[in-house]
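# A structural walkthrough
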2 protein chains.
Amino acid sequence: MKTLIESAAAAKAASAEIARLSAEEKNAALLAMADALEAQCAAVLAANRADMDRERAGGMSEDMLDRLMLDEKRVADMAVGLRQVAELPDPVGEVMREWTRPNGLRIKKVRVPMGVIGIIYEARPNVTVDAASLAFKAGSAILLRGSSSAYESNAALVGVMRSALESRGVTPDAVCLVEEKGHDVVDKLLTLRDYVDLIVPRGSARLINNAVEKATVPILQTGTGNCHVYIDQSADYGMAEAITINAKTQRTSVCNCAETLIMQEGWAEEHGEDLLRALAGKNVELHGDEAAAKYASGMIPATERDWADEYLRLAMAVKIVPDVKAAVEHINRYGTMHTECIVTESAESADYFLNNVDAAVVDWNASTRFTDGFEFGFGAELGISTQKLHARGPMGLEEICSYKYMVIGTGQVRP
Amino acid sequence: MKTLIESAAAAKAASAEIARLSAEEKNAALLAMADALEAQCAAVLAANRADMDRERAGGMSEDMLDRLMLDEKRVADMAVGLRQVAELPDPVGEVMREWTRPNGLRIKKVRVPMGVIGIIYEARPNVTVDAASLAFKAGSAILLRGSSSAYESNAALVGVMRSALESRGVTPDAVCLVEEKGHDVVDKLLTLRDYVDLIVPRGSARLINNAVEKATVPILQTGTGNCHVYIDQSADYGMAEAITINAKTQRTSVCNCAETLIMQEGWAEEHGEDLLRALAGKNVELHGDEAAAKYASGMIPATERDWADEYLRLAMAVKIVPDVKAAVEHINRYGTMHTECIVTESAESADYFLNNVDAAVVDWNASTRFTDGFEFGFGAELGISTQKLHARGPMGLEEICSYKYMVIGTGQVRP
């Protein structure tokens, strides 16, 4: 059993080695991991059963148990994910920009690996494989700290990936599990500046806030999504309904689903009743302000909390505003800088909305549900950033890299 | 006298307004600031004299007093700086990338302002004007927290800039000085996540480490520079001497000057004596390892501390290594990820060095002193980042911006 520092030091030592691997070497190792996962599926499932039995006995909710649970299908999906990451272009070494200065110095801005990426996450064991594969393809070592409830599952998955790396002649320490136990190990990890270049906290608001509070290592915050759909005066009814229903109901447990519907008052006068009936027909519980209440019966009065809440279930807050400006003000006040949508036929309203809403992604006549690495064409993602520094929105391979400048001279000195 | 929160709230409110300004509006305001600084130079100098008198009486060193001191030339230089920033291209609104998905969604990655940038800095009052002008041109509001020793000077400079903004019809809160006094105000600023999007600590290692420890707002670390010059086996003597002398002595108080000289043993055998004599001739105090000692008489034995020290004066550590690999190992162990230089005629050695040294800037046959916004062609810079997240090396206008994705559809929903 390694201590946290030993694991971090191993990852740091490995990072220099894997930074130098070619795309072919990395892809071969990813494919070997996929094959190994399939071959050793039974062992992984046995480890997962140990977690499941312990947590069920400990009183974990069915919902959480479902997140923790692995079966053949879920393990097969992880292998598919690994093969998809192998297909993605290698981000490392790309010359992002190149120019020559008047004194003859040639400057190249080159994408390089981050180094060691730490990830702190909760129950789902598939994150273990997703995150490890992305970090590895991006040339970084990963230090994985999952929840203790999934420890056996994660250890088994990491064991399989490490063996596969070794089989390809790659240091297994490219993928390191935090083995040290104890409540303070997360807090210690958050301050390991000498070993870790970046930490991505993924999970509950509590987990993320703890990372924000205590980290001295730079973090990429994958925050909550209190996303809005704003229906502007000129919106087409059919499009507005389709987008609102999709954004709210297509999947309710994800950060890019919508939580608040904002309608321009003139539009609401004409279509509000229909739209709210359509939502209610999908079993969406509506929490409205006074102006919205007249378009649906039995609406729960919205409180201040409703405007800020990320329901993550079939519930939606409803607000009426006089114009796009008021909608933007509301969104910038209560939103979480994730994804915000306007439905409108007016280019002017759209322009105002897209430019003035402060969010990672702003949609015009498209569902909020498209904020996703695959939907953007990035392939798998390490999460969706809601901070403004470094990476915003879906974080694919390029977003988890750094860069360096290479300056090539012929003996130049500074006058 | 505003409280910190009041100042931060004012900056936040202003940020939405100045994010929308055109390049022409921003440039006109910057030129107005330059004119106002020249016109009100006497008032600025009077304020500076108050700081100087108080600090001289308080026992501030001559060296520090010189940093604090303003005269007509220094104020004129600030005006020149403002006009240079007005000349730079506007980074805001640039479409960095644009593509269309198979479902017809058009995705644009657009550069946007950061929002509110906080800066925590030490004595030099010119930083007040430099930082404010860069943040403003990048469409962000700035919250300035200088040292208390420069308070009157900074307040005068900020007052002049705010009046100039108002004269151009721009909210003066684009440039806010932290007026609240007290020792804990920096620590409070470091946690104002609701108001501040980014904090740049500039100054001593103590100031920066305090920010790293306590910040919950994302920071961009402008760290110390323990930069190395490595002379490889095949290096041309003349070039090696010119670069080493320039990197060490052209200016010793800056983060991109060299602190350690590493020579390949074969090269040192042939040229070490000459190079060390040349350095001694420039009054450079040499601290060498045992192997280096034989090439210069009276060398101070280097201790572990010398390898890590940022001397910032005419002193240099000297180390002998067997090859480029050992040089890279030493640099990655003791360097601060700032700027590292190899002098060599071997493309193979250069390639190994450039790819394996982990630093913001790696130089081949060029002085470390070129790591600078102007030398890179970025114009003025807010500092030189030594972290790997977001921005590395000189931080010009683009580096202090964020981006957002604009997704433009025709009613697409996610299947």
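Everything numeric in this text was worked out from a predicted model, so none of it was measured.

A separate point is the overall build of chain A. Check the secondary structure of chain A and you find 16 helices and 16 strands. Taking 415 residues into account, the globule formula puts the C-alpha radius of gyration at 22 Å, and chain A, at 24 Å, falls close to it. Once the C-alpha set of chain A is aligned to its principal axes, its extents read approximately 70 × 65 × 35 Å. Looking at chain A residue by residue over its 415 residues, the buried ones come to 54%. Long-range contacts, defined as pairs at least 24 residues apart, comprise 73% of the intrachain contacts of chain A with a sequence gap of at least 6.

Moving on, we get to the domain arrangement of chain A. Along its sequence, chain A is carved into domain 1 (4-220 + 395-408) and domain 2 (227-375). Taking only C-alpha atoms into account, the centre of domain 1 of chain A sits 35 Å from that of domain 2 of chain A.

A word on helix α14 (residues 324-334) of chain A. All names here are of chain A. Every buried residue belonging to α14 is among V324, A327, V328 and I331, and all of these are buried. All buried residues of α14 fall inside an arc of 95° around its axis, so they share one side. Taken together, the buried residues of α14 touch β7 (227-231), β8 (258-264), β11 (315-321), β12 (339-343) and α15 (347-356).

This brings us to the relation of the copies chain B and chain A. By a simple turn and slide, chain B fits onto chain A: the slide is 0.0 Å along the axis, the RMSD is 0.0 Å, and the turn is 180°. Between the two chains, the operation in question is that of a two-fold axis. In terms of proximity to the rotation axis, the leading residue of chain B is B:H390, whose C-alpha is 1.9 Å off the axis. The residues that chain B uses at the interface reappear at the interface of chain A in 100% of cases, marking a shared surface.

Another aspect to go through is the interface of chain B and chain A. By convention, interface size is frequently given as the accessible area that disappears when the constituent parts associate. Counting from both sides, the interface comprises 50 residues of chain B and, opposite them, 50 residues of chain A. Those elements that provide at least two residues to the side of chain B that touches chain A are α9 (205-214), α10 (237-249), β13 (361-366) and β16 (401-412) of chain B. Counting residues per element, the side of chain B that touches chain A draws most heavily on β16(B), which supplies 11 residues. A breakdown of the residues in the side of chain B that touches chain A according to their chemical character gives 26 nonpolar, 15 polar and nine charged.

A word on the environment of B:G373. All names here are of chain B. Mapped onto the elements of the fold, G373 is located in helix α16 (residues 373-376). For the pair G373 and G393, spaced 20 residues apart in the sequence, the C-alpha separation amounts to 8.6 Å. Apart from the residues within four sequence positions on either side, G373 is in contact with F378, G379, A380, E381, P394 and G396.

Our focus in this paragraph is the sheet that holds strand β7 (residues 227-231) of chain B. Taking strand neighbours across the sheet as the criterion, the 10 strands line up as β1(A)-β2(A)-β16(A)-β13(B)-β12(B)-β7(B)-β8(B)-β11(B)-β9(B)-β10(B) in an open arrangement whose pairing is mixed. One side of each edge strand has no neighbouring strand; the edge strands of this open sheet are β1 (95-100) of chain A together with β10 (300-301) of chain B. The sheet strands contacting helix α14 (residues 324-334) of chain B are β7, β8 (258-264), β11 (315-321) and β12 (339-343) of chain B, and the helix crosses β11(B) at an angle near 140°. Against the sheet, helix α15 (residues 347-356) of chain B contacts β16 (401-412) of chain A together with β7, β12 and β13 of chain B, and its axis sits at roughly 160° relative to β13(B).

The next thing to look at is the sheet that holds β11(A). Reading across from one edge, β10(A)-β9(A)-β11(A)-β8(A)-β7(A)-β12(A)-β13(A)-β16(B)-β2(B)-β1(B) is the order of the 10 strands in this open sheet, with mixed pairing throughout. Among the strands making up the open sheet, the edge pair consists of β10 (300-301) of chain A together with β1 (95-100) of chain B. Relative to β16(B), strand β2 (residues 106-113) of chain B runs antiparallel, the two sharing eight bridges. In the sheet register, B:K108 faces β16(B), and the bridge partner there is B:M406. Sheet contacts for α15(A): β7, β12 and β13 (361-366) of chain A together with β16 of chain B; angle to β13(A), the most-contacted strand, approximately 160°.

Parameters and conventions
Residues numbered from 1 in each chain as written. Chains lettered and ligands numbered in written order. Predicted model: local features only at pLDDT ≥ 70, side-chain atom pairs only at ≥ 80, totals over all residues. Helix = DSSP H or I, 4+ residues; strand = E, 2+ residues; numbered from the N terminus. Rg over C-alpha atoms; globule rule 2.2 N^0.38 Å. Buried ≥ 20, exposed ≤ 12 C-beta atoms within 10 Å, placed from the backbone. Contact = placed C-beta atoms within 7 Å. Domains from an automatic or database assignment. Arc of directions from axis to C-beta. Least-squares fit on C-alpha atoms with pLDDT ≥ 70 in both. Nonpolar A, V, L, I, M, F, W, Y, C, P; charged D, E, K, R; others polar. Pairing = 2+ DSSP bridges. Axes fitted to C-alpha atoms, helices over the stretch in contact; angles between N-to-C directions.

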